[in-house]
Amino acid sequence: MPAGSAPVILPSRGGIAGALSDIFWRRPKLLLFLMLTPPLLWLGIVYLGSLFALLLQSFFSIDDFSGLINREFTLKTYGELLRPANFDIIVRTVTMAACVTLASAVVAFPIGYFAARYARGKWKALFYLGIMLPLWSSYLVKIYAWKLILAKEGILTWLFAKLHLSWLLDAWLSLPYVGGNSLSVSFTGTFIVFVYVWLPFMILPIQAALERVPGNLVEASSDLGATPGQTFRNVLFPLALPGIVAGSIFTFSLTLGDYIIPQIIGTSRLFIGQAVYAQQGTAGNIPLAAAFTVVPVVIMGIYLWAAKRMGAFDAL
Amino acid sequence: MTTAVSFEKVSRHFGAVRAVDAVDLDIRPGEFFAMLGPSGSGKTTCLRLIAGFEQPTAGSISIFGERAEGVPPYRRNVNTVFQDYALFPHLNVLDNVAYGLMVKGVGRTERAKQAEDALKLVQLPGYGARRPSQLSGGQRQRVALARALVNKPRVLLLDEPLGALDLKLRENMQEELKLLQRALGITFVFVTHDQGEALSMADRVAVFNDGRIMQIGTPQDIYERPQTRFVADFVGSSNVLSPDFVARYSGKRRWASLRPEKIRLAEKAGQGVAGTVRARSFLGATNRFTVDAEGTRLHVITPAGQPVPEDGADVSLVWLPADLHLMDEPA
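Residues numbered from 1 in each chain as written. Chains lettered and ligands numbered in written order. Predicted model: local features only at pLDDT ≥ 70, side-chain atom pairs only at ≥ 80, totals over all residues. Heavy atoms only, no water.

- Within an unreviewed UniProt entry, the label attached to chain B reads ABC transporter ATP-binding protein, and the organism entered is Mesorhizobium zhangyense.
- Chain B has a UniProt comment under Sequence similarities (unreviewed entry) that states "Belongs to the ABC transporter superfamily." (UniProt positions renumbered as here; feature names shortened; annotations may be inferred.)

Shown next as structure tokens:
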């Protein structure tokens, strides 16, 4: 067929699909509107709506005698948070979240670095599998598995005994605050399990951030006379910082809100999540539970604001 | 006299790939040295061997007389201008330029002053506060140059530094680089796949192919007296003539190179080599023809303004016997 005889304008594909394709092509905003409306309704009404309902609850108070909720605006419930017993819970949770975040970042960085710089082909697949695989199994199963590992008769105690390091474990457990009868009933145990469970949420953003750092920046730094340590401080760390901050948002906020891990592994002293659970369940004190819930939200807000002020997102 | 960079039987193999294969090379102090070759010819690997990003599989490298194997890049007084500049995106221009001084512990005010001087040297004074992302390609290139030069390296390595620039800018930078090199007296080692760039800027050129050096010489040497078919073809697209063809016209059975611009169209038919014009193109200052002469394709370049034969016309080609350059390549 000669080149000149083909039609210039092709006929419409026909049918409803063809007509819709043409309409959406001419009016791309219509498609965007149709695609975004359902999730926005979900996010706006169901999700944010319930959050605001919760926020509202925290400004009510409970009548000590009748146990009924007094629906009048008051800051009394927030005042309750400052009572030593409640304030301890907040300090304990925030300290734990900070320690878990720091440890996750330290453990995750080398893993993310390896994955971003060196892993190729099947090693990269293995990396993703290794990170994701634990997420496929039930969170509760993993935590109970850890309870067995950390128990007095568990693998870890056995391992320390085999290595003739039982004295080290005993010394650690005899320390105030972090110690206890065994790892499974100590804050150390809670800490280890938190780090284990949230680690993927730190590794993936760090890996993604390092993936975007061109390899020749590391070479350029070395070329200009920087030792590997200086290259890490001056090039890699600042460029990975948005990833570390993103990861820390996950680990920090997830630790602030979790109530299952400290309940199964740890001491009888409460964390914020457990306090919320206890207040809204057994105690029936919804306003105090709501006030407790607002604490992590406020802390995360402050944290993000501080991270932005420190320039953590400048490299984005 | 010591050499600036010396390679003795240097090889760099990546598995079965011989990126650099038994290369001997001496670069003189203060010289503008170009490594020319197609991509994958080993020229960039050679540059990386000098910088210290790669270690030789075999052989030895010395820089100003000092053995360089096993010495990490940060202990070499050699700096690199990277192909895509590799500027640090999180630092402003001044901090980029001052980076080398910063990691060596030079004080803040002193390094700011030296960095500003380096920016003046590359004609970007007052650009210190900008981010690399706010600069044009040519400006980034200058920053990369300043960032390397501020360290006063003994050898400056340039990896296709002009590759990403447009033609006009490239020509300006070629001239500037040349002047800068003369003024500073630093040994420049320049990697390029652009033969025009290598010939116009370098004092000496090494032509690479398949991990080996085909020929080292001055631009005139390389252009006028290529030793191998590869060099003749790669540098200035010379006509490479087979031993049979050469035997017919000069009596010697040798491979030969004949520059397109050395060939003229004969005034009258019957002279020289007869052929048919197959294609022609207008290149501004010159006209370029492809002539089919008894099965051998010859490229001919004539100055514009001379009569231009039609496509398919029969022509006769003549050249001076001295312009037919016989090569060392075995017949």
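### So, the nonpolar core
Consideration 1: Core analysis: the largest hydrophobic core is formed by 56 residues, its most contacted members being B:Phe7, B:Met35, B:Ile50 and B:Val189.
Consideration 2: The biggest single contributor to this core is helix H4 (residues 84–117) of chain A, with six residues.
Consideration 3: One finds B:Val81, B:Tyr85, B:Leu180 and B:Phe190 within the second-largest nonpolar core, a separate group that totals 42 residues. (Core = buried A, V, L, I, M, F, W, Y, C linked by side-chain atoms within 4.5 Å. Buried < 20%, exposed > 50% of the residue type's maximum accessible area, 1.4 Å probe, protein only. Helix = DSSP H or I, 4+ residues; strand = E, 2+ residues; numbered from the N terminus.)

### Here we look at the domain arrangement of chain B
All names here are of chain B.
Consideration 1: One can read the domain layout of chain B as domain 1 (5–233) and domain 2 (237–326).
Consideration 2: Each of domain 1 and domain 2 has a C-alpha centre, and these two points are 38 Å apart.
Consideration 3: Domain 1 puts eight residues into the contact, and the matching count from domain 2 is eight residues.
Consideration 4: The contact between domain 1 and domain 2 buries some 790 Å² in all, and 51% of this surface belongs to carbon and sulfur atoms.
Consideration 5: The three residues of domain 1 that bury the most area against domain 2 are Tyr223, Arg229 and Ala232, which together make up 60% of that side's buried surface.
Consideration 6: Counting across the domain 1 and domain 2 interface gives zero salt bridges.
Consideration 7: Counting every contact that joins domain 1 to domain 2 gives four residue pairs in polar contact (both at pLDDT 80 or more).
Consideration 8: Mapped onto the side of domain 1 that touches domain 2, the elements with two or more residues apiece are helix H7 (219–224) and helix H8 (229–234). (Domains from an automatic or database assignment. Contact = heavy atoms within 4.5 Å. Buried area = accessible area lost by both parts, 1.4 Å probe. Salt bridge = Lys/Arg side-chain N within 4 Å of Asp/Glu carboxyl O. Polar contact = N/O pair within 3.5 Å; in protein donor to acceptor, adjacent residues only side chain to side chain.)

### Brief notes about the pattern of salt bridges
Consideration 1: The tally for this structure, following the rule as stated, stands at 21 salt bridges over all chains.
Consideration 2: One salt bridge connects B:Arg48 with B:Glu54, and the closest N-O pair in it is separated by 3.3 Å.
Consideration 3: Shared partners join several salt bridges into a network, and the residues in it are A:Glu219, B:Arg12, B:Arg48 and B:Glu54.

### Thoughts on the side chain of B:Gln174
Residues and elements named next belong to chain B.
Consideration 1: Take Gln174: it is sitting in helix H5 (residues 167–184).
Consideration 2: Residue classification places Gln174 among the buried positions, given a relative accessible area of 15%.
Consideration 3: Setting aside residues up to four positions removed in sequence, Gln174 forms contacts with Leu162, Glu197, Ser200 and Met201.

### Topic: a nonpolar patch on the surface
Consideration 1: Together, A:Leu31, A:Leu32, A:Met35, A:Leu36, A:Leu40, A:Leu43, A:Tyr47, A:Leu48, A:Leu51, A:Phe52 and A:Leu55 make up an exposed nonpolar region whose accessible area comes to about 1,000 Å².
Consideration 2: Counting through the fold element by element, A:Phe52 comes out in helix H2 (residues 28–57). (Patch = residues over 30% accessible without salt bridge, like charges linked within 9 Å, V, L, I, M, F, W, Y side chains within 5 Å. Areas by Shrake-Rupley, 256 points an atom, 1.4 Å probe, with all protein chains shown as cover.)

### Looking at the interface of chain A and chain B
It is common to give the size of an interface as the accessible area that goes away when the parts come together.
Consideration 1: Contact residues are listed per partner, giving 18 residues for chain A and 22 residues for chain B.
Consideration 2: Roughly 1,800 Å² of surface becomes buried between chain A and chain B when both sides are summed, with 59% attributable to carbon and sulfur atoms.
Consideration 3: The three residues of chain A that bury the most area against chain B are A:Glu219, A:Asp223 and A:Leu224, which together make up 38% of that side's buried surface.
Consideration 4: Taken together, chain A and chain B are joined by one salt bridge.
Consideration 5: We note a salt bridge from A:Glu219 to B:Arg48, for which the minimum N-O separation is 2.6 Å.
Consideration 6: Summed over the shared surface of chain A and chain B, the result is nine residue pairs in polar contact (both at pLDDT 80 or more).
Consideration 7: For the side of chain A that touches chain B, the elements supplying multiple residues, two or more each, are helix H10 (215–223) and helix H11 (228–257) of chain A.

### Let's talk about the UniProt feature "domain: ABC transporter" (unreviewed entry) in chain B
Consideration 1: UniProt's entry tags residues 5–235 of chain B with the feature "domain: ABC transporter" (unreviewed entry), counted in the numbering of this structure.
Consideration 2: The span residues 5–235 of chain B shows a helical share of 36% and a strand share of 26%, and its end C-alpha atoms are spaced 24 Å apart.

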